[in-house]
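Structural characterization, general
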Amino acid sequence: MFSAEQSCWFVRKVICWRAAASIAWAVLLLPPTTAIFVILGRFSLLHPIQTISECLSLIANASAIFSLILLCGVILMVGFLNLKYYTVIPTIACSKIALLGQLLHPRQFLNSLAHCIMGVIVAWCCAITIGGRYEALSYPCKQSDGSPQMCLNEYHLLLLLAGAFVGFSHSLLGVIYNMNYVSFHTVQQYKYLRFKGSLPLVVKCSAAQALYSVRNYIVVYLFLGYIPRAWICKTLNLQLDSSAHPLDTIAGLLDLSLLYHLWICATFLLLTWYITLLLFRIFVTEVYSFPVQSSFTEDAHQCLPNVLTDKQPMILKFLALQDLALLSQHSPSRRSEVFSLSQPGGHPHNWNAISKECLSLLADLTQRLVNYHDTVATNGRAKSLSTGSERKTSSETSVTSGTDDFMSPRPTLLMKTPASVFTRSIVGSPASPLTAPFTPDLNSPLASPALRRLTAPVDQYSPWHGSVQSPHIMRRAPKLWSTSTDSQVNGSLPPSPPSVPNPKQDYKPSLLAQFLQNRKEQVKHFLGKRVLIMYLFNKLPEASSQALFADSQAHIWALEGLSYLVQASYSEDRFGVVQTALPSILSSMLVLQEAVDRHFKLPHASSKPVRSTSSMGDSTYKTLRFALRATLKTAIYRITTTFGDHLNAVQMSAEHRKRLQQFLEYKE
């Protein structure tokens, strides 16, 4: 494995430059956007010629130039935040309390503070650009006795606070709608065409979101506007003009010109930020072509077979899988490099590395689906061992035998989160956390103490460690794909050693422990009946299923890459390197399809969510499970259509052969 410095070459040489290019284009688009804002902000239907002359005179104004420089600085900051917090695997909150925890995170507090400050800066620039009654925070006025003094310009203050409120709302909506999530388009387009096609949606989202933000801001200012106004007057030693009407009243806020300027400023603020975000998404997700093999050893870590095994950064992993899917479909010359043999030695190292990583991804997703189905079937409780549960199904046995050439068995006691697919480790280690939402939350006030005892690690010196001591007790050890080698070959559990008496059987808890346990159960029972507690801790209907398939774009590309390479090997693989792995590939796909079909029979798994078009948040992750199911079936059909009856000679289990026959007869 390569060092961290070698793994970060992609961030330094590719991602940073792509982010810089997106920021540069956002800055270049800022002057025309500002010009449109100036025309709309100063436009007067009764005096159009005067509006044009004022806009032209504003170009040579020093304050306008300084405002443009400040706006460029804000764009740079927004671009930096996009680069800092972007992700290719969305963070999905599976309950209201989890979403509340994300919103109250200290990092989110700093992010909201930064957006508030940037919102105030943009609002100040808008006030300077519009001019008139919004230009300055204070103006000279006279007291009742005729002495001059400085009074607060509440219109300017209202505009500045509106910028802070819109920035704060934008940061919160970024968490709720996963605006930092970067998705990859299925159809490859030039950057200009993608930007041109998405620009109307950006303008629509900016105008709609600005309208909602202004509505909410007016309500807040109506009830709490006196607080910042009094603080500003006291801090800057300003007075309130008694002749001016206060704006924290219904009569003061029902000013159409004021409402229009608030909406225009909020739209301009969100438009510049959304354009920066759109350009960042377009540039970062651009296709990158990795070399399949290199003649120089110092560049070996940049080749596709080695890049696929890198765990960080995730954008590198996704772009490598995207490149694999594209080369397997459109590049015969690069496919020949995948099928080539090493010299000297004659080993298919490129194919072995690519197929091993793709099969590992499919096996990890299958394992997650099986564990999730078991958890849902038992409603989060430990399942008692029945007479039929000791027999392994043929599909469970064949997936082990089908992938043992590429993967070593790994103990798996708990399920993995989507982000941990590429960082496979021994889940039973002390450093591995529980993975919500696929396992019950043991820290929840509604969790059962029996579940905590069942999921607690077993002491290796305990007589309950290892094999089963009784046929009526479930063995809390590795289950599917995690038994010993003999168990995988024979398809049965290892023989149980003679039972050992448990020295802790005669142990009885003290009266104090029983009293505390009873009080604890009473408190949980009391909280479980409260409506607010249940509302916060109950799982959202589709969130668990969406989180389970949050990283399925990688599995989609792995399926496409494997299936297209297998299809091309029928006529291009001169050495037959793919044929040796064909049983493993078919077994992995069939077992994954069985797990996916079982998952779609669960409640809320087959219901398609409504895609929102009023937000810049990318909601494509909500439908990834449907795309994966379609891609999986298409990949199997692609292989069966190419090889036809030749697949009858492939060694596989009887159940898999029966399932494969359904594809050969086009009955699936």
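Located above this text is the structure these notes cover.
Below: a short report on this structure. Note that the coordinates shown come from a computational prediction; the quantities given were computed from them, not determined experimentally. (Residues numbered from 1 in each chain as written. Predicted model: local features only at pLDDT ≥ 70, side-chain atom pairs only at ≥ 80, totals over all residues. Heavy atoms only, no water.)

**Regarding the overall build of the protein chain**
- Counting its regular elements, the protein chain contains 26 helices and two strands.
- When burial is assessed residue by residue, the protein chain has 46% of its 668 residues classed as buried.
- Put simply, 78% of the contacts in the protein chain that link residues at least 6 apart link residues at least 24 apart.
- Of the roughly 34500 Å² of accessible surface on the protein chain, 63% is carried by carbon and sulfur atoms. (Helix = DSSP H or I, 4+ residues; strand = E, 2+ residues; numbered from the N terminus. Buried < 20%, exposed > 50% of the residue type's maximum accessible area, 1.4 Å probe, protein only. Contact = heavy atoms within 4.5 Å. Areas by Shrake-Rupley, 256 points an atom, 1.4 Å probe, with all protein chains shown as cover.)

**Quick word on the packing of aromatic side chains**
- What the rule picks out here adds up to 17 aromatic pairs.
- With a centroid separation of 6.2 Å and an interplanar angle of 85 degrees, the aromatic rings of F66 and W124 are classed as edge-to-face. One end of the pair, F66, is in helix α5 (residues 62–85); the other, W124, is in helix α7 (residues 106–130), and 58 residues separate them in sequence.
- A relative accessible area of 43% means that F66 is categorised as partly exposed.
- Of the residues examined, W124 reaches a relative accessible area of 28% and is grouped as partly exposed.
- For the pair F184 and W557, a centre-to-centre distance of 5.1 Å together with 80 degrees between the ring planes defines the contact as edge-to-face. Pair noted here: F184 is in the loop between α8 (154–176) and α9 (191–224) and W557 is in helix α23 (residues 552–572), with a separation of 373 residues, a long-range link. (Phe/Tyr/Trp six-rings, centres within 6.5 Å; stacked < 30°, edge-to-face > 60°.)

**Here's the deal with unusual backbone geometry**
- Look at N237: it is not a glycine, yet its phi comes out positive at around 55 degrees.
- Looking at the element boundaries, N237 is found in the loop between α10 (226–236) and α11 (250–253).
- Residues other than glycine seldom take positive phi values, yet Y666 does so here, at roughly 55 degrees.
- By secondary structure assignment, the location of Y666 is in the segment after α26 (654–664).

**A short note on the nonpolar core**
- Of all hydrophobic cores here, the largest spans 85 residues; its most connected members are F290, W351, I585 and M589.
- Of the residues forming this core, the biggest block, 10 residues, is contributed by helix α14 (residues 314–330).
- Sequence-distant contacts of I585, that is, excluding residues within four places in its chain, are made with W351, L359, L562, V566 and I639.
- Core analysis: the next-biggest nonpolar cluster, separate from the first, contains 54 residues, L81, L247, L262 and F283 among them. (Core = buried A, V, L, I, M, F, W, Y, C linked by side-chain atoms within 4.5 Å.)

**A look at the environment of N216**
- Its location among the elements puts N216 in helix α9.
- Along the chain, N216 and V166 lie 50 residues apart, while their C-alpha atoms are 9.6 Å from each other.

**A short note on the side chain of H261**
- Structurally, H261 is set in helix α12 (residues 256–284).
- We classify H261 as buried; its relative accessible area is 10%.
- At 3.2 Å, the side chain of H261 forms a polar contact with the side chain of Y134.
- Discounting residues that sit within four places of it in the chain, H261 has contacts with G41, I130, Y134 and L159. (Polar contact = N/O pair within 3.5 Å; in protein donor to acceptor, adjacent residues only side chain to side chain.)

**Some details on a nonpolar patch on the surface**
- Nonpolar side chains collect at one region of the surface, where V219, V220, F223, L224, Y226 and I227 lie side by side and expose about 580 Å² of accessible area between them.
- Elements with a minimum of two residues in the nonpolar patch: α9 and α10.
- By residue number, the principal contributor to the nonpolar patch is α9, which donates four residues.
- Residue placement: V220 occurs in helix α9.
- A relative accessible area of 36% places V220 in the partly exposed class. (Patch = residues over 30% accessible without salt bridge, like charges linked within 9 Å, V, L, I, M, F, W, Y side chains within 5 Å. Salt bridge = Lys/Arg side-chain N within 4 Å of Asp/Glu carboxyl O.)

**Concerning the packing of helix α24 (residues 582–600) against α26**
- It is the contact of α24 with α26, at a shortest axis distance of 11 Å, that shows an interaxial angle of 80 degrees. One element, α24, and the other, α26, form an angle in the roughly perpendicular class. Residues L586, S587, L590, V591, Q593, E594 and D597 of α24 form the contact with α26, whose own contacting residues are E655, H656, R659, L660 and F663.
- Classifying every residue of the contact of α24 with α26 gives five nonpolar, three polar and four charged. (Axes fitted to C-alpha atoms, helices over the stretch in contact; angles between N-to-C directions. Parallel < 35°, antiparallel > 145°, perpendicular 65-115°, else oblique. Nonpolar A, V, L, I, M, F, W, Y, C, P; charged D, E, K, R; others polar.)

Any link to function would need more than the numbers given here.
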